[in-house]
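# Notes for the structure review
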Amino acid sequence: MTTRAPRRDAVENRAGILSAARATLALHPHASVDVIARSAGLSRRTLYGHFDDRDALIRELISSGAQRFNAIAASIDDTDARLALARLAAHLWHEAAHVQVAAALALDETHVEHTATALAPLRRTVAALVRRGQDDGSFRTDLAAPTLARLIEEMARTVISRTDAASSGAADLAVRTVLSIAGLSWREADDLLASHPDLAASAAAPTEPPNTPEDRA
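This text gives an overview of the structure that appears in the document. Nothing here was measured: the structure is a model prediction, and the numbers come from that model.

Conventions and cut-offs
Residues numbered from 1 in each chain as written. Predicted model: local features only at pLDDT ≥ 70, side-chain atom pairs only at ≥ 80, totals over all residues. Heavy atoms only, no water. Salt bridge = Lys/Arg side-chain N within 4 Å of Asp/Glu carboxyl O. Buried < 20%, exposed > 50% of the residue type's maximum accessible area, 1.4 Å probe, protein only. Core = buried A, V, L, I, M, F, W, Y, C linked by side-chain atoms within 4.5 Å. Helix = DSSP H or I, 4+ residues; strand = E, 2+ residues; numbered from the N terminus. Contact = heavy atoms within 4.5 Å.

## Some thoughts on the pattern of salt bridges
Per the stated rule, a full pass over the model turns up 10 salt bridges. The salt bridge partner of R82 is D80, with a shortest N-O separation of 2.8 Å. Overall, R82 belongs to the partly exposed group, its relative accessible area being 28%. What makes D80 partly exposed here is its relative accessible area of 26%. R140 is paired through a salt bridge with D142; the nearest N and O atoms lie 2.9 Å apart.

Right under this line is the structure:
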């Protein structure tokens, strides 16, 4: 049996809803389904034809955002674990800073389980980096690798949800905080960042991970 492809207008409506939801939630984190539907230029009934409820819509936003985060993680290929972690933090901060409210929603307790599943590839990358850094002596070894990886995740979560993305030095703070948790002193972080000024640029300039299906719709 052949599965019929979605009609073009249905695909466009769904993409429009997701785009409107990102923009609306950035300004009004508690915006209702009605507000999001109006922002998309669609009726509430049309929105419910694509998503069962507001939580389902947010979960879809999380999933599409996770695809971009996972693609960024897959693009990091530095052999130096310290540099790889710093670059990953810089690129992820840039991506999250553009959708900070949506990112915070993804990390709240209501959606944290779904977020953890969607970001499984990214979490595997962080865990592998921690193990590599511990093996070569770059990262602290007083904590087991899974524990250290979890601490890095939790600190990144706190920075994303509590730091003003528009503030001066926010990206630098994000990178230095992650490196500190990994075990680098502030002097070591200084030396690493000074030796690789492109890290600051990667946090400030747009990243271009592979397109997700939503981007192509």
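After that view, the rundown keeps rolling.
## Notes on the nonpolar core
Of all hydrophobic cores here, the largest spans 57 residues; its most connected members are L85, L88, L122, I152 and L179. Elements with a minimum of two residues in this core: α1 (8-27), α2 (33-39), α4 (54-75), α5 (81-98), α8 (120-135), α9 (145-162), α10 (170-182) and α11 (186-195). In contact with L85, other than residues within four places in its own chain, are L129, F139, I152, V178, L179 and A182.

## Description of the environment of N13
Looking at the secondary structure, you find N13 in helix α1. On the basis of relative accessibility, which here comes to 23%, the residue N13 falls in the partly exposed class. With 34 residues separating them in the primary sequence, N13 and L47 have C-alpha atoms 8.3 Å apart. When neighbours within four sequence positions are excluded, N13 is seen to be in contact with L42, T46 and H50.

None of the figures reported here should be taken as evidence of function without further support.
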